[in-house]
Amino acid sequence: MADRIWRNARLATMADTGLGVIEDGLVACTDGLITYAGAAADAPPSGSADVTDCEGRWITPGLIDCHTHLIHGGNRAAEFALRLSGASYEEIARAGGGIVSTMRATREASEAELVQLALPRLDAMLAEGVTTVEVKSGYGLSLASEMKMLRAAARLEKERDVRVVRTFLGAHAVPPEFAGNADGYIDLVCGEMIPAIAREGLADAVDAFCEGIGFTPEQTARVFTAARAHGLPVKLHAEQLSALGGSSLAARNGALSADHLEYASEADVTAMAAAGTVAVLLPGAYYFMRETKLPPVAAMRKAGVVIALGTDCNPGTSPLTSPLLVLNMAATLFRMTVEEALRGMTVNAARALGLSSRIGTLKAGKACDLAIWSIDDPAELVYRIGFNPLHTRIRNGR
């Protein structure tokens, strides 16, 4: 018998294809897991369950932000002003700004300080229906600082009722102590950082930044080999600023996802479709950097590539904490449909994290993570700008 029931609701289950709409729906859960999600007329008896009348509101799965850099010190507002004056992201990075600038602030902050800095950013996401968030390291660029970031990410689960997926992104940039020696730094990432982080159980996956100002495909392949040797799945920042074939490399290595993808080629798209690698699009970074090269959404759609969305919340290129704004940007900037956008932050985002069996749809056996909305149509979640219709957020049935 269920211990909690939400009735008189309209459901967007995200199961199978489309939105999975059920007009007169009911969700039941026991011990934090969904036991029934479907038509009220077919629901089992409620018994002594705690029943909530949703008064016709819509229920979707809790939103999933599958790409963030929530843990970091400082901010880069001054660099934003420089970009407005005409400096490029690459010019700022090569002059000692960019990721290395955030590295300094992150190294100086304690683990507790990093947690306190991240909480307001996380709270903004939770207030818009997020129940699962991925958090990357990558601003420490030393073993001690990277481990500090990952421990801070884990502490977010203790401070807030949220599921945190941790990703080790040691191959994010070359730290100053390895200037001119990217291969030497990759030796450290592969030979010391990944083994230590795997032993401590601090990460759920390994990421890298394959880019002209990051790491070459050859260096990235070394990171992938080390990650797999320690039982960690991989993902990749790829084709954000140039076409290096990183997303094809990710696909060949069975990556969970390749992210950004503005410069992805037809060959990249074909490789991702064949491998089942999810394309994580990040419209906040596209908007904030005033990009003009659109990711090949139409080609991905035609090839059957699964498309997910994330905020890419970070201090330099996407200081964005609104998943609802991401839905609108995906539609307005990338021409995604309402259905594609909503699936992109639920079922497809779960797949990008390797969690399809646990979250992302309203289905028996999955975590009872719900977002209950005061809306008349799911399209409102994509259509509105600067308006939050969240009525209630439920995680694990609470």
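Residues numbered from 1 in each chain as written. Predicted model: local features only at pLDDT ≥ 70, side-chain atom pairs only at ≥ 80, totals over all residues. Heavy atoms only, no water.

The name that an unreviewed UniProt entry assigns to the chain is Imidazolonepropionase, with the source organism given as Novosphingobium beihaiensis. Turning to the chain, the UniProt annotation filed under Catalytic activity (unreviewed entry) states: "4-imidazolone-5-propanoate + H2O = N-formimidoyl-L-glutamate". According to UniProt, the comment filed for the chain under the heading Subcellular location (unreviewed entry) is "Cytoplasm". (UniProt positions renumbered as here; feature names shortened; annotations may be inferred.)

Asker: I would appreciate a short explanation of the UniProt feature "domain: Amidohydrolase-related" (unreviewed entry) in the chain in the present structure.
Answerer: Mapped onto the present numbering, the UniProt feature "domain: Amidohydrolase-related" (unreviewed entry) falls at residues 58-375. Helix makes up 45% of residues 58-375 and strand 15%, and the two end C-alpha atoms of the span are 7 Å apart. (Helix = DSSP H or I, 4+ residues; strand = E, 2+ residues; numbered from the N terminus.)

Asker: I keep staring at the pattern of salt bridges and nothing clicks. Help me out?
Answerer: When the charged atoms of two side chains lie near each other, side chains of opposite charge can form a pair. Under the counting rule described, the total for this entry stands at 16 salt bridges. Residue Arg76 is joined to Glu79 by a salt bridge in which the shortest nitrogen-to-oxygen separation is 2.9 Å. Each member of the pair Arg76 and Glu79 is classed as buried. Arg395 serves as the salt-bridge partner of Asp161, at 2.8 Å between the closest nitrogen and oxygen. Highlighted residues: Asp161 in the loop between α5 (143-159) and β8 (163-171) and Arg395 in the segment after β15 (390-394), separated in sequence by 234 residues. By relative accessible area, which is 27% here, Asp161 ends up partly exposed. By sharing partners, the salt bridges in this structure join Glu134, Lys136, Asp207 and Lys235 into a single network. (Salt bridge = Lys/Arg side-chain N within 4 Å of Asp/Glu carboxyl O. Buried < 20%, exposed > 50% of the residue type's maximum accessible area, 1.4 Å probe, protein only.)

Asker: I'm lost on the packing of aromatic side chains in this one. Help?
Answerer: What describes a pair of aromatic rings is the distance from one ring centre to the other and the angle between the planes of the rings. In this structure the tally under the stated criterion is four aromatic pairs. Between Phe80 and Phe288 the ring centres are 4.8 Å apart and the planes differ by 20 degrees, which places this aromatic pair in the stacked class. Of this pair, Phe80 sits in helix α1 (residues 77-84) while Phe288 sits in helix α10 (residues 283-288), and the two are 208 residues apart along the sequence. The class of Phe80 is partly exposed, set by a relative accessible area of 33%. The exposure class assigned to Phe288 is buried, which follows from its relative accessible area of 17%. Joined through ring pairs, the aromatic side chains of Phe178, Tyr185 and Phe215 make up one cluster. (Phe/Tyr/Trp six-rings, centres within 6.5 Å; stacked < 30°, edge-to-face > 60°.)

Asker: I tried to follow the side chain of Arg395 on my own but got confused; where do I start?
Answerer: Exposure remark for Arg395: the relative accessible area of 10% places this residue in the buried category. Those residues in contact with Arg395 that sit more than four places away from it in its chain are Thr131, Asp161, Val162, Arg163, Cys368 and Asp369. (Contact = heavy atoms within 4.5 Å.)

Asker: Explain the layout of surface pockets to me, please; I cannot follow it from the model alone.
Answerer: To find the voids left in a structure, one rolls a probe of water-molecule size over its atoms. Its boundaries defined by the atoms lining it, the largest pocket holds a volume of some 380 Å³. Lining of the largest pocket is provided by 23 residues; of these, Ala93, Val100, Ala173, Val174 and Ile213 occupy positions nearest its centre. For the lining of the largest pocket, the secondary-structure elements that each account for two or more residues are α2 (89-94) and α3 (99-108). For the lining of the largest pocket, the per-class residue count stands at 13 nonpolar, eight polar and two charged. In this structure, the second largest pocket occupies an estimated 280 Å³ of space. Of all the secondary-structure elements, those providing two or more residues to the lining of the second largest pocket are α1, α2 and α10. Residue contributions to the lining of the second largest pocket peak at three residues, all from α1. (1 Å grid on protein atoms, 1.4 Å probe; cavity = no way out; pocket = protein on both sides within 12 Å on 5 of 7 lines; lining within 4 Å. Points joined across faces, edges and corners; volume = space filled by probe spheres on them. Nonpolar A, V, L, I, M, F, W, Y, C, P; charged D, E, K, R; others polar.)

Asker: I'm lost on the environment of Phe288 in this one. Help?
Answerer: In sequence terms Phe288 and Val162 are 126 residues apart; their C-alpha atoms lie 27 Å from each other. Beyond its immediate stretch of four places on either side in the chain, Phe288 contacts Phe80, Arg83, Gly316, Thr317, Ser318 and Pro319.

Asker: Mind showing me how you'd approach the pairing of strand β7 (residues 130-136) here?
Answerer: Consecutive side chains along a regular strand alternate between the two faces of the sheet. Extensive coverage of β7 is indicated by the burial of seven of its seven residues. Pairing geometry for strand β6 (residues 63-65) and β7, over three bridges, is parallel. Residue Ile64 lies in a different strand from β7, and its bridge partner there is Thr132. Pairing of β7 with β8 involves five bridges; the strand directions are parallel. Looking across to β8, one finds that Glu134 is bridged to Val165. (Pairing = 2+ DSSP bridges.)

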